[in-house]
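# Architecture at a glance
So the chains spell out like this:
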Amino acid sequence: MKTALTIAGSDSCGGAGIQADIKTMTMNGVYAMSAITALTAQNTTGVRAIMEASPDFLAQQLDAVFEDIFPDAVKIGMVSSSELVQVIADKLTFYKAKNIVADPVMVATSGSALIKTDAIKTLTERILPIATLVTPNIPEAQVLSGLDIKNKDDMQRAAEKICSDFGCAVLLKGGHSVNDASDLLCSRSGFEWFEGQRIDNPNTHGTGCTLSSAIASNLAKGFSLGESVGRAKQYISGALAAMLDLGKGSGPMAHAFDLKSMFADEKQG
C-alpha cells in the first residue's frame, strides 16, 4: 500500500488540518501518517488559540516516520513559525523526500491568521525550492508573487512568476472570486486549466487542506501531476456536493462521501 505523510496543524473540529488530511488520504487509497506542527483550538467560526510544537518534538516526529515507514508523498500544511519550517526543510532534505506538496496556509477560512510573517520568508527560501507543487489560493499567490490578481491573465502571470522564482510547479486556485472555481497548473510543461463549476455550498472549511492532500495521495500512487490534480478536483467536488451541514460557521465537507462499506452503515431502527 502506498503511504503519505501530512505535516500540519491539528483542527479540533476535524474539518481542516491533520484531521482533514488523514480522512482525505484514507479516502484516496493511501496509508496516512502525520507530524503535528501545532494544536489549534478552533471550530467552524474561528481559531481561538494556537499552541506550537517545539522544533525538537517536530523533528522527533519526522524522524520516527521516515526511519520506519518512508512516505511515498508528503503534504505540508500549516506551519506557523520560521523555526518549524526550517526543521521540516532540513528533515525532508536529509531523507530525500519525494512528491512534496506544499499548501502555504496563511489564513483560515474563518479569516484567522495562521502563520507569522518571518515564517513566510523561510517557507519561500527553504520549502518551495524542494517542493514538487505549491498550491496557493489567490491571496496567498499575491503574497508569494508580489502581484495583484484580478483575472485569469493575472493568475497566469502570478503562477509563472512563482514557478520561475522558486523552481516548483504551481496550482493557483481560482476560488476567491476570480472565476468559477477553475484552477491553473503551471509547470515546466506549460499551463493547464482545470475548469470547475462552483458548487453552491457555503461549507468550505478545509478545502485547501483537502485538495493538497488528495493531490499528494495521487502522486504517491504514481499518477502524473496533471492526473493527480484532476483526480483531486473530482474528489473535492464530490465532498462539497454531498452538502454536509455541521457547525454555526463555514462547516466541513463530507470527506467520506463515497464510503460504502458495511462498516459505515448507520444502525437502523
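This text gives an overview of the structure that appears in the document.

Thresholds, definitions, all that
- Residues numbered from 1 in each chain as written.
- Predicted model: local features only at pLDDT ≥ 70, side-chain atom pairs only at ≥ 80, totals over all residues.
- Heavy atoms only, no water.
- Helix = DSSP H or I, 4+ residues; strand = E, 2+ residues; numbered from the N terminus.
- Rg over C-alpha atoms; globule rule 2.2 N^0.38 Å.
- Buried < 20%, exposed > 50% of the residue type's maximum accessible area, 1.4 Å probe, protein only.
- Areas by Shrake-Rupley, 256 points an atom, 1.4 Å probe, with all protein chains shown as cover.
- Phe/Tyr/Trp six-rings, centres within 6.5 Å; stacked < 30°, edge-to-face > 60°.
- Lys NZ or Arg CZ within 6 Å of the ring centre and 35° of its normal.
- Pairing = 2+ DSSP bridges.
- Contact = heavy atoms within 4.5 Å.
- Axes fitted to C-alpha atoms, helices over the stretch in contact; angles between N-to-C directions.
- Expected span 1.5 Å × (residues − 1).
- Polar contact = N/O pair within 3.5 Å; in protein donor to acceptor, adjacent residues only side chain to side chain.

### Some points on the overall build of the chain
- For the chain, the count of helices and strands is 8 helices and 9 strands.
- Taking 18 Å as the expected radius of gyration for a compact globule of 269 residues, we find that the chain reaches 17 Å, a close match to that expectation.
- For the C-alpha atoms alone, the extent of the chain along its principal axes is close to 60 × 45 × 40 Å.
- Counting all 269 residues of the chain, 55% fall into the buried class.
- Element-wise, carbon and sulfur atoms account for 52% of the exposed surface of the chain, whose accessible area totals about 12,300 Å².

### Remarks on the packing of aromatic side chains
- Going through the model one piece at a time under the given rule, you end up with 3 aromatic pairs.
- When the ring of Phe66 is compared with that of Phe70, the centres are 5.2 Å apart and the planes differ by 80°; the resulting orientation is edge-to-face.
- Look at Phe66 and you get buried, because its relative accessible area is 5%.
- Ring centres of Phe94 and Tyr95 lie 4.9 Å apart, and the angle between their planes is 85°; on these two criteria the pair is classed as edge-to-face.
- Residue class for Tyr95 comes out buried when judged on its relative accessible area of 14%.
- Taken together, the aromatic side chains of Phe66, Phe70, Phe94 and Tyr95 make up a single cluster linked through ring pairs.
- For Lys152, the ring lying beneath its charged end belongs to Trp193, and the centroid distance is 4.6 Å.

### Some remarks on the pairing of strand S7 (residues 169-172)
- Every second residue of S7 is oriented toward a common face, with Ala169 and Leu171 on one face and Val170 and Leu172 on the other, all of them buried.
- Bridge count for strand S6 (residues 133-134) against S7 is 2 bridges, and the pairing is parallel. Bridge pairing links Leu133 to Ala169 in S7.

### Concerning the sheet that holds S6
- Sheet architecture is open: 9 strands sit in the order S3-S2-S1-S4-S5-S6-S7-S8-S9, paired in mixed fashion. Bordering the open sheet on either side are strand S3 (46-52) and strand S9 (190-194), each of which pairs with just one other strand.
- By the bridge criterion, 6 bridges tie strand S2 (residues 31-43) to S3 in an arrangement that is antiparallel. In the strand pairing of S3, Gln42 is matched with Val47.
- Packing of helix H1 (residues 17-27) onto the sheet brings it into contact with strand S1 (3-11), S2 and strand S4 (73-76), and relative to S1 it is tilted by some 150°.

### Comments concerning helix H7 (residues 207-220)
- For H7, spanning 14 residues, the distance from its first C-alpha to its last is 20 Å, which sits close to the expected 20 Å at 1.5 Å a residue.
- With respect to burial, H7 is a largely interior element, 13 of its 14 residues being buried.
- A positive phi of about 100° marks Gly222, the residue just after H7.

### Overview of the environment of Ile215
- For Ile215, the position within the fold is in helix H7.
- Assessed through its relative accessible area of 0%, Ile215 is described here as buried.
- Taking the C-alpha atoms as reference points, Ile215 and Leu133, separated by 82 residues in sequence, lie 9.3 Å from one another.
- The residues contacting Ile215, other than those within four sequence positions of it, are Val101, Leu133, Thr135, Leu171, Ser228, Val229 and Ala232.

### A few points about helix H8 (residues 225-241)
- For H8, spanning 17 residues, the distance from its first C-alpha to its last is 24 Å, which sits close to the expected 24 Å at 1.5 Å a residue.
- By the criterion of burial, H8 is predominantly enclosed, with 12 of the 17 residues buried.
- Taken residue by residue, H8 has Leu225, Gly226, Ser228, Val229, Gly230, Ala232, Lys233, Tyr235, Ile236, Gly238, Ala239 and Leu240 as its buried positions.
- Residues of H8 that are buried make contact with H1, S6, S7, strand S8 (183-187), S9 and H7.
- Looking one or two residues beyond H8, the residue adopting positive phi is Met243, at roughly 55°.

### Re the environment of Glu67
- One can find Glu67 in the loop between helix H2 (55-66) and S4.
- A relative accessible area of 60% places Glu67 in the exposed class.
- In sequence terms Glu67 and Gly167 are 100 residues apart; their C-alpha atoms lie 28 Å from each other.
- In this structure the side chain of Glu67 is engaged in a polar contact, spanning 3.4 Å, whose partner is the side chain of Tyr95.

Geometry only, nothing functional implied.
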